[in-house]
Amino acid sequence: DAEAKKVHAFVSNFNETLRLALHNTFRYGQGTRDMCGPTGFTTEDFVAKVAWRLDRYLQQQVEEQAPPELSEEDLPVPANKITAFDQKAILQLFEKYDKSGEGKIDFKNFSKMLMKMGVAPTKSS
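Residues numbered from 1 in each chain as written. Predicted model: local features only at pLDDT ≥ 70, side-chain atom pairs only at ≥ 80, totals over all residues. Heavy atoms only, no water.

**Q** Honestly, the pattern of salt bridges in this entry has me stumped. Any pointers?
**A** Opposite charge on two side chains lets them pair, provided their charged atoms get close. Counted under the stated rule, the structure contains 1 salt bridge. Among the ionic pairs, R19 bridges to E16, the shortest N-O distance being 3.3 Å. Remark: E16 and R19 occur in helix α1 (residues 2-27); sequence separation between them is 3 residues, near one turn of the helix. R19 sits in the partly exposed class, given a relative accessible area of 44%. Exposure remark for E16: the relative accessible area of 44% places this residue in the partly exposed category. (Salt bridge = Lys/Arg side-chain N within 4 Å of Asp/Glu carboxyl O. Helix = DSSP H or I, 4+ residues; strand = E, 2+ residues; numbered from the N terminus. Buried < 20%, exposed > 50% of the residue type's maximum accessible area, 1.4 Å probe, protein only.)

**Q** Explain the environment of F14 to me, please; I cannot follow it from the model alone.
**A** Note on placement: F14 falls in helix α1. Sequence separation between F14 and E73 is 59 residues, and the spatial gap between their C-alpha atoms is 37 Å. Setting aside anything within four residues of it in sequence, one finds F14 in contact with L54 and L58. (Contact = heavy atoms within 4.5 Å.)

**Q** Explain the confidence of the model for the chain to me, please; I cannot follow it from the model alone.
**A** Detail in the predicted coordinates should be disregarded across regions flagged by low pLDDT. Per-chain confidence: the chain averages 85 in pLDDT, with 94% of residues scoring 70 or above. At the low end of the mean pLDDT range in the chain sits helix α4 (residues 79-82), at 77; at the high end sits α1, at 93. (pLDDT = per-residue confidence, 0-100.)

**Q** Would you mind going over the packing of helix α5 (residues 87-97) against helix α6 (residues 107-117) with me for this structure?
**A** Two measures define how a pair of helices packs: the angle their axes make with one another and the distance between the axes. Between α5 and α6, whose axes approach to 9 Å, the crossing angle comes to 130°. As judged from the angle between their axes, α5 and α6 are oblique. Judged by the sense of rotation from one axis to the other, the crossing of α5 with α6 is right-handed. Of α6, the residues touching α5 (which contributes L93, K96 and Y97) are N109, K112, M113, K116 and M117. Split by residue class, the contact of α5 with α6 holds 4 nonpolar, 1 polar and 3 charged. (Axes fitted to C-alpha atoms, helices over the stretch in contact; angles between N-to-C directions. Parallel < 35°, antiparallel > 145°, perpendicular 65-115°, else oblique. Left-handed = near helix turned anticlockwise from the far one by under 90°. Nonpolar A, V, L, I, M, F, W, Y, C, P; charged D, E, K, R; others polar.)

**Q** Hey, could you run me through the packing of aromatic side chains in this one?
**A** For any pair of aromatic rings, geometry is given as the distance between the ring centres together with the angle between the planes. This model, assessed by the stated rule, comprises 1 aromatic pair. With 5.0 Å between their ring centres and 50° between their planes, F26 and F46 make a pair best called tilted. Placement of the pair is F26 in helix α1 and F46 in helix α3 (residues 43-64), with a sequence separation of 20 residues. Under the relative-accessibility criterion, F26 is labelled partly exposed at 32%. Taking NZ or CZ as reference, K49 lies 4.7 Å from the ring centre of W52, over its face. (Phe/Tyr/Trp six-rings, centres within 6.5 Å; stacked < 30°, edge-to-face > 60°. Lys NZ or Arg CZ within 6 Å of the ring centre and 35° of its normal.)

Structure follows, in structure tokens:
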């Protein structure tokens, strides 16, 4: 079933990532004393190093996944309200802060725009 496949994929990924963490720990000269001689790690230090590397690898996998898309619909604006605003002036204001020209305003430029307009929310005391 679908849930069993999902669990299998999760466990397989964890197993493969753990194997890579173990391999790379040895590869980077951070193996145990019985494998690397007197300069090697104690078993406890080796396990801690593998855990650290495994955590880094797993975190990297999470960060590589795209954030979820928000699918919230825009609230409808009544036609009589739209006509009350100067659409050309709004477009000019938007284009002033759309530095890339892609029809998007990043957070930094959006913040600047709100502050310049005097409508940016302030921290409450």
